[in-house]
Amino acid sequence: VVALQDSEPNVRGWSAQAIGEIGADAKGAVPELITLLSNPDEGSRNSACIALRGIGPAAKPALPALNKSLSDPSKDVRQFAALAIKSIER
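Note that this is a predicted model, so its numbers are computed, not measured. (Residues numbered from 1 in each chain as written. Predicted model: local features only at pLDDT ≥ 70, side-chain atom pairs only at ≥ 80, totals over all residues. Heavy atoms only, no water.)

**Focus on the overall build of the protein**
Reasoning step 1: Of the regular secondary structure elements, the protein holds five helices and zero strands.
Reasoning step 2: Moving toward the C terminus, one meets the helices and strands of the protein in the order α-α-α-α-α.
Reasoning step 3: Whereas a compact globule of 90 residues would reach a radius of gyration of roughly 12 Å, the protein reaches 11 Å, a difference of no more than 12%.
Reasoning step 4: For the protein, the spread of C-alpha atoms along the three principal axes comes to 35 × 30 × 15 Å.
Reasoning step 5: Here the protein holds 90 residues, and the buried ones make up 42% of them.
Reasoning step 6: Intrachain contacts of the protein at a sequence separation of at least 6 include 59% that bridge at least 24 residues.
Reasoning step 7: Put simply, the protein shows about 4900 Å² of open surface, and 54% of that area lies on carbon and sulfur atoms.
Reasoning step 8: Taken together, the 10 basic and 10 acidic charged side chains of the protein have centroids lying 9 Å from each other. (Helix = DSSP H or I, 4+ residues; strand = E, 2+ residues; numbered from the N terminus. Rg over C-alpha atoms; globule rule 2.2 N^0.38 Å. Buried < 20%, exposed > 50% of the residue type's maximum accessible area, 1.4 Å probe, protein only. Contact = heavy atoms within 4.5 Å. Areas by Shrake-Rupley, 256 points an atom, 1.4 Å probe, with all protein chains shown as cover. Lys, Arg positive; Asp, Glu negative; His and termini not counted. Charge placed at Lys NZ, Arg CZ, Asp CG, Glu CD.)

Right, dumping it as structure tokens:
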């Protein structure tokens with residue numbers, strides 16, 4: 001979780017995706033992933049969405065931020081946010 005705040009975008013991204021692989025047990029990382037959704041780096045925002053999708057319904061507190069991400073300038077972020085929302089709302 002500490003690595004989500006790393007200055008290197010690749011470290012943030014890979015860390016977020018690793019957290020998502022943990023699944024629902026990673027729900028404690030949701031607040032940090034929500035913060036990552038507003039990072040200036042597109043890859044970090046993508047990875048936050050991917051992680052939240054992996055956490056699934058346990059990431060419900062992230063829904064407002066993910067809904068905001070549906071209007072992100074990046075098409076990829078918008079797509080990953082939509083997938084995350086579907087996974088969380090299942």
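**Regarding the side chain of asparagine 39**
Reasoning step 1: Structurally, asparagine 39 can be placed in the loop between helix 2 (30–36) and helix 3 (42–55).
Reasoning step 2: Within the local environment of asparagine 39, its side chain forms a polar contact with the backbone nitrogen of aspartate 41, the two atoms lying 2.8 Å apart. (Polar contact = N/O pair within 3.5 Å; in protein donor to acceptor, adjacent residues only side chain to side chain.)

**Looking at the environment of valine 1**
Reasoning step 1: Relative to the elements of secondary structure, valine 1 occurs in the segment before helix 1 (9–22).
Reasoning step 2: Considering only alpha carbons, one finds valine 1 and glutamate 32, 31 residues apart in sequence, at a separation of 7.3 Å.
Reasoning step 3: In this view, valine 1 contacts Ile19, Ala29 and Glu32; residues no more than four positions away in its chain are not counted.

**Notes on helix 3**
Reasoning step 1: Between its terminal C-alpha atoms helix 3 stretches 20 Å, which fits the 20 Å expected from 14 residues at 1.5 Å a residue.
Reasoning step 2: Residues of helix 3 that are buried: Ser44, Arg45, Asn46, Ser47, Ala48, Cys49, Ala51, Leu52 and Ile55.
Reasoning step 3: On the buried face of helix 3, the contacting elements are helix 1, helix 2, helix 4 (63–69) and helix 5 (75–89).
Reasoning step 4: Where helix 3 ends, the next residue or the one after it, glycine 56, has phi of about 75°, a positive value. (Expected span 1.5 Å × (residues − 1).)

**Things to note about the nonpolar core**
Reasoning step 1: Of all hydrophobic cores here, the largest spans 23 residues; its most connected members are Ile19, Leu33, Leu52, Ile55 and Leu66.
Reasoning step 2: Where this core is concerned, the elements lending two or more residues are helix 1, helix 2, helix 3, helix 4 and helix 5.
Reasoning step 3: Apart from residues no more than four positions distant in its own chain, leucine 66 is found in contact with Leu37, Cys49, Leu52, Ala81, Ala84, Ile85 and Ile88. (Core = buried A, V, L, I, M, F, W, Y, C linked by side-chain atoms within 4.5 Å.)

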